[in-house]
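Structural overview for review
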Amino acid sequence: MTVHFIGAGPGAADLITLRGHRLISKSPVCLYAGSLVPAELLTACPPDARLVDTANLTLDEIVAEMVTAHANGHDVARLHSGDPSVFSAVAEQMRRLDAAGVPYDVTPGVPAFAAAAATLAREFTVPEVAQTVILTRTAERATAMPPGEDLATLGASRATMVLHLAVQRIDAVVAELVGNYGTDCPVAVVARASRPDELVVRGTLADIAAKVKEAGIKRTAVIVVGAALTAGQFPDSHLYSAGRCRS
């Protein structure tokens with residue numbers, strides 16, 4: 001049997017892939033983080049499925065559920081918010097499943113940064129403005145960041161930066177970025193992207209911290225920093241240029 005790591009998307013129940021939905025509907029066991037995965041997705045589970053909210057479980061307890069399901073011949077739908085490739089903690093689960101001899105596969109999902117871009121109606125890579133997107137976080141209440149991945153170092157390129165799990169440290173984030181980006185750099189904070197209670201705060205590095213506090217945003221948000229957020233004057237992409245299409 002197989003453990004299916006499934007990207008459940010950023011919050012809206014219909015932002016899941018057809019493959020992910022199909023795997024959920026066929027798996028007798030479903031593990032999900034109740035605080036992040038929309039409850040509507042669980043209606044796709046088989047009527048007699050074992051549903052396990054992992055929000056308050058340890059890693060060992062989560063893996064034990066998977067190993068037990070495998071021993072009983074049951075597939076497992078393991079739902080992760082967003083996309084499993086970033087900030088999902090699947091790596092340590094995979095490592096333990098490898099050791100236990102339990103097979104698994106991965107189904108991608110819509111990541112939080114993509115949902116935020118859709119909400120903002122912005123492209124994060126704009127010709128001659130920004131062609132790089134940095135996905136990162138901060139270390140408070142989490143494992144330490146590797147050497148060289150501090151915000152001041154990452155910000156030296158002035159690329160579009162998306163910070164996860166950092167909105168509670170908005171003052172510190174601003175302090176670490178302003179030296180490279182400048183106080184007038186545009187910033188957007190998107191909380192609960194794609195959900196009915198979605199909330200957007202726009203500003204600059206000079207005022208975003210105060211605006212975030214006033215809005216009461218404390219979790220489930222991404223911070224987007226960079227000139228691409230407000231760029232209006234830029235050349236058309238070479239992709240659809242007349243010269244390329246006629247060559």
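Residues numbered from 1 in each chain as written. Predicted model: local features only at pLDDT ≥ 70, side-chain atom pairs only at ≥ 80, totals over all residues. Heavy atoms only, no water.

The protein chain is annotated in an unreviewed UniProt entry as Precorrin-4 C(11)-methyltransferase from Actinoplanes cyaneus. Recorded in UniProt under Sequence similarities (unreviewed entry), the annotation for the protein chain is "Belongs to the precorrin methyltransferase family." What the UniProt record of the protein chain gives under Pathway (unreviewed entry) is the line "Cofactor biosynthesis; adenosylcobalamin biosynthesis." (UniProt positions renumbered as here; feature names shortened; annotations may be inferred.)

**A look at the nonpolar core**
Counting 26 residues, the largest nonpolar core has Leu-163, Leu-177 and Ile-223 as its most contacted members. Listed by contribution, the elements that provide at least two residues to this core are helix H5 (151-154), strand E7 (160-164), helix H6 (170-181), strand E8 (186-191), helix H7 (208-215) and strand E10 (221-225). A per-element tally of this core places H6 first, with five residues. If you look at the next biggest cluster of nonpolar residues, it comprises 15 residues, including Ile-16, Tyr-32, Ala-49 and Ala-77. (Core = buried A, V, L, I, M, F, W, Y, C linked by side-chain atoms within 4.5 Å. Buried < 20%, exposed > 50% of the residue type's maximum accessible area, 1.4 Å probe, protein only. Helix = DSSP H or I, 4+ residues; strand = E, 2+ residues; numbered from the N terminus.)

**As for a nonpolar patch on the surface**
Taken together, the side chains of Phe-87, Leu-135 and Leu-165 define a hydrophobic patch exposed on the protein surface, amounting to about 280 Å² of accessible area. Inspection of the secondary structure puts Leu-165 in the loop between E7 and H6. (Patch = residues over 30% accessible without salt bridge, like charges linked within 9 Å, V, L, I, M, F, W, Y side chains within 5 Å. Areas by Shrake-Rupley, 256 points an atom, 1.4 Å probe, with all protein chains shown as cover. Salt bridge = Lys/Arg side-chain N within 4 Å of Asp/Glu carboxyl O.)

**Thoughts on the environment of Thr-183**
With respect to the helices and strands, Thr-183 occurs in the loop between H6 and E8. The exposure class assigned to Thr-183 is partly exposed, which follows from its relative accessible area of 48%. Counting along the chain gives 23 residues from Thr-183 to Ala-206, while the straight-line C-alpha distance between them is 4.8 Å. Once you skip the residues sitting within four places of it in the chain, Thr-183 turns out to touch Val-178, Thr-204, Leu-205 and Ala-206. (Contact = heavy atoms within 4.5 Å.)

**Looking at the layout of surface pockets**
Taken as a whole, the largest pocket encloses approximately 1,400 Å³ of empty space. Lining the largest pocket we find 45 residues, and of these Leu-36, Ser-81, Phe-87, His-164 and Leu-165 sit closest to its centre. Only helix H2 (59-71), strand E4 (76-80), E8 and E10 provide two or more residues apiece to the lining of the largest pocket. Considering every element that reaches the lining of the largest pocket, the biggest residue donor is E4, with three residues. Each residue belonging to the lining of the largest pocket can be placed in one class, and the counts come to 21 nonpolar, 14 polar and ten charged. (1 Å grid on protein atoms, 1.4 Å probe; cavity = no way out; pocket = protein on both sides within 12 Å on 5 of 7 lines; lining within 4 Å. Points joined across faces, edges and corners; volume = space filled by probe spheres on them. Nonpolar A, V, L, I, M, F, W, Y, C, P; charged D, E, K, R; others polar.)

**Topic: unusual backbone geometry**
The phi torsion at Arg-158 lies on the positive side, around 60°, for a residue other than glycine. By secondary structure assignment, the location of Arg-158 is in the loop between H5 and E7. Here the phi dihedral of Arg-192 falls at roughly 55°; this positive angle occurs in a residue that is not glycine. For Arg-192, the position within the fold is in the loop between E8 and strand E9 (199-204).

**Topic: H7**
Residues separated by three or four positions in an α-helix point in the same direction, a consequence of the helix having 3.6 residues per turn. Listed in full, the buried residues belonging to H7 are Ile-208, Ala-209 and Val-212. Across the axial projection of H7, the buried residues extend over an arc of 100°, all falling on one side. With respect to the buried face of H7, the exposed residues turned more than 90 degrees away are Ala-210 and Glu-214. Of the surrounding elements, those touching the buried residues of H7 are H6, E8 and E9. Count one or two residues on from H7 and you reach Gly-216, which has phi positive near 75°. (Arc of directions from axis to C-beta.)

**Overview of the side chain of Glu-65**
Relative to the elements of secondary structure, Glu-65 occurs in helix H2. Other than its neighbours up to four places away in sequence, Glu-65 contacts Leu-31, Arg-50 and Val-52.

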